[in-house]
Amino acid sequence: MLHFETETERSTDSFSGFSAPPEKILFIDIETTGFSADSAYVYLIGTAFLADGRVHIQQWLLDDFACEKELLSVFLKFCADFSLLVHYNGTAFDIPFLQKRCRRYRLPDRLSGLAQTDLYRSLSPYRRLLGLADLKQKTVEQRIGLQREDRFSGGDLIPVYAEFLGRFRFERLRAREGEADTGADTASAADALSGGNFPASSRDIPDFSDTGLVRMPESPAKALLYVLLLHNREDLTGLLSIAPLNHALKALADASGWKYLIPANPSLTEAAEPETAAVFRLQCSAVLGVSRLLFPEPVSRLLPAGDLAAAAETAAVPEVSCCAESAVPLKPLTAAAPSPPAKAAVPALTLSAEPEGFFTLKIPYFYGILKYFYEDYKDYYYLPLEDCAIHKSVAEFVDKAYRKKATRKTCYQKKEGKFLPQTEAVCSPEFRPEPKTPISFFEPDSSFFQDRQRLERWLSGLLCWLLGRS
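Below: a short report on this structure. (Residues numbered from 1 in each chain as written. Predicted model: local features only at pLDDT ≥ 70, side-chain atom pairs only at ≥ 80, totals over all residues. Heavy atoms only, no water.)

**Considering the packing of aromatic side chains**
- One pass over the structure, following the stated rule, counts 29 aromatic pairs.
- Ring geometry for phenylalanine 366 versus phenylalanine 441: centroids 5.7 Å apart, planes at 45°, classification tilted. Taken together, the residues phenylalanine 366 in strand E15 (residues 366-373) and phenylalanine 441 in strand E20 (residues 440-442) connect sequence positions 75 residues apart.
- When the centroid spacing of 4.3 Å and the interplanar angle of 15° are considered together, the rings of tyrosine 374 and tyrosine 380 count as stacked.
- Since its relative accessible area comes to 22%, tyrosine 374 is described here as partly exposed.
- Tyrosine 380 sits in the buried class, given a relative accessible area of 11%.
- Seen from the ring of tyrosine 41, arginine 101 lies directly overhead, with NZ or CZ sitting 5.0 Å from the centre.
- When the ring centre of tyrosine 412 is taken as origin, the NZ or CZ atom of lysine 371, which lies over that ring, is 4.4 Å away. (Phe/Tyr/Trp six-rings, centres within 6.5 Å; stacked < 30°, edge-to-face > 60°. Helix = DSSP H or I, 4+ residues; strand = E, 2+ residues; numbered from the N terminus. Buried < 20%, exposed > 50% of the residue type's maximum accessible area, 1.4 Å probe, protein only. Lys NZ or Arg CZ within 6 Å of the ring centre and 35° of its normal.)

**Focus on the sheet that holds E20**
- Ordered in space as E15-E19-E20, the three strands form an open sheet in which the pairing is antiparallel. Single-partner strands in this sheet number two, and they are E15 and E20. Across the sheet, the mean angle from the axis of one strand to that of its neighbour is 75°, orientation sign disregarded.
- Bridge count for strand E19 (residues 412-422) against E20 is three bridges, and the pairing is antiparallel. When the sheet's bridge partners are listed, leucine 420 is paired in E20 with phenylalanine 442.
- Across the sheet, helix H12 (residues 452-466) lies against E19 and E20, angled at about 80° from E19, the strand it touches most. (Pairing = 2+ DSSP bridges. Axes fitted to C-alpha atoms, helices over the stretch in contact; angles between N-to-C directions. Contact = heavy atoms within 4.5 Å.)

**Notes on unusual backbone geometry**
- Serine 428 connects to proline 429 through a cis peptide bond whose omega is 0°.
- When you line up the elements, proline 429 lands in the loop between E19 and E20.
- At aspartate 52, a residue that is not glycine, the phi angle is positive and equals roughly 55°.
- Among the structural elements, aspartate 52 can be located in the loop between strand E3 (42-51) and strand E4 (54-61).
- Looking at aspartate 52, the relative accessible area reads 82%, which means it is exposed.
- Located in the positive-phi region is aspartate 387, a residue other than glycine, with phi close to 55°.
- Structurally, the position occupied by aspartate 387 is in the loop between strand E16 (380-383) and strand E17 (388-391).

Structure representation (C-alpha cells):
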C-alpha cells in the first residue's frame, strides 16, 4: 500500500457551514475497479481535512489486491478522529461500497456511526435554478468556473490502474535485481513512488486516448501513478470548491438569511397606469462576492397557477421599485408605453443578482378574473347561467332547472381585480384559477405593504419556492 499526504494552500472556508466543527470534517472520494462491491476492489481512497489550520490531502493507493484489507483498516482507523463525512453521491456509491468491502473482511462498520453530507443530494433541488444539464461533479465544477488538469473519468482509469500495477511490479522486481547485482543500498520502487516525485504537469503524461501507453518518462509506473492520484485529488479539491456553493444556496433558500429592504409600498397610490410587477431589493450576506457567479443571468420561474392566460387580460405598463433606503418612491425601473390589452402569458417571478449580495425580486401582478372556492362544496349549488355557486339555503328558492349540485370545481365565486401570488395563506381570501392550484392569489391593499412582518413572510415563501425549496 502506498501512502501520500500533501498540504495545500486552499482556503479553509470549505469546512465552514457544516453541522460539525471544521477539524472534525473529512471529505472523502474513492476509486474502484468496478461498480459492484461483490467483485470489484477499492484501489484508492482520498481524503481532505484540516490540520493546524491548513488543508491537507491524504491518499492511500492499493499496490497489491492482497492488501485491500490493510487499506480499509488504515482508512477506518483514520476516520475515528472525525465526526462528519462529506462526499459527492457517496450515499449511493462510496459509502455502501466501502461497507460491503469491510464486511467481506469482517472489519467493523465504523462509517455508519458518522454523520454524512452528500453534496450531490444537497445540490439536487437547485439543478434547475443553476441551469445544469446534469448533476455530475464535473458539470457542477464547470458551472462555478473550475478547470481540471485531469482528463479522465473514473471508468477511464480502471485500465490505467491495471497498467500501473503491472509496470509497478516490473519496476520493483527490476530494482531488486539491480540491488542484488550491485550490492548497492538503493531505494525500492515503492519508496521512490511514495516520495511524490511525480511529473510536474500532465504535459509529461502520455496521451492514452489512442492505442496505448507511449512516450513514457523515465518511470512509466510513476507517470501512471501521477494520473491516478491527480484524478482523485481533483475530485477532492472539487468537493472543497462545491461545498461553499452548497452553503450559499442553502442560505438563499433560508428566509432568516435575507435582509428585506422594504419601505411603505409606493405602488398602491392612485396612479394613472397600473403596475405590471412589484419590485423589491433584497440582500443575502451569505453570498457576498458570489451572487453574480451563482446567477450570471436572471432566474425566472413560471407560476404553476393553472389556466391563468385564459383568465387574464393585461397591458404593458410601468413597474414600481421598492427600497427601504429611501422613504421617497423611486423612479420606475422601466416605463413602457401602454399597449392594447392582450391575453396574458402565465406570469413569472424573476430574481436578478447584483454586486455585494444584492438581488432584485420582481413579483408580477395578475390582472383578470380569479375564483374563490368554497371548501364545503356539498352545501352549495352551482348556477350554470350565472357561473357561480350559492349556498343551499338560498338555492332552494331557485328553479331546479337552473341549478345543480356543486362539485369541488364548480363551487366558487368569481372576482375581477389586481392580484399578487402567494405560496402560503399569508393573506385571505385566497383566489385561484382552479381548486387545487398550488399557488394562490390575493388582492393587496395598503395595510398589507405596511405590515412588515406579514410582508417578510410573504416574500420568504416566494423566495423559497423560486429557489427550489418548496
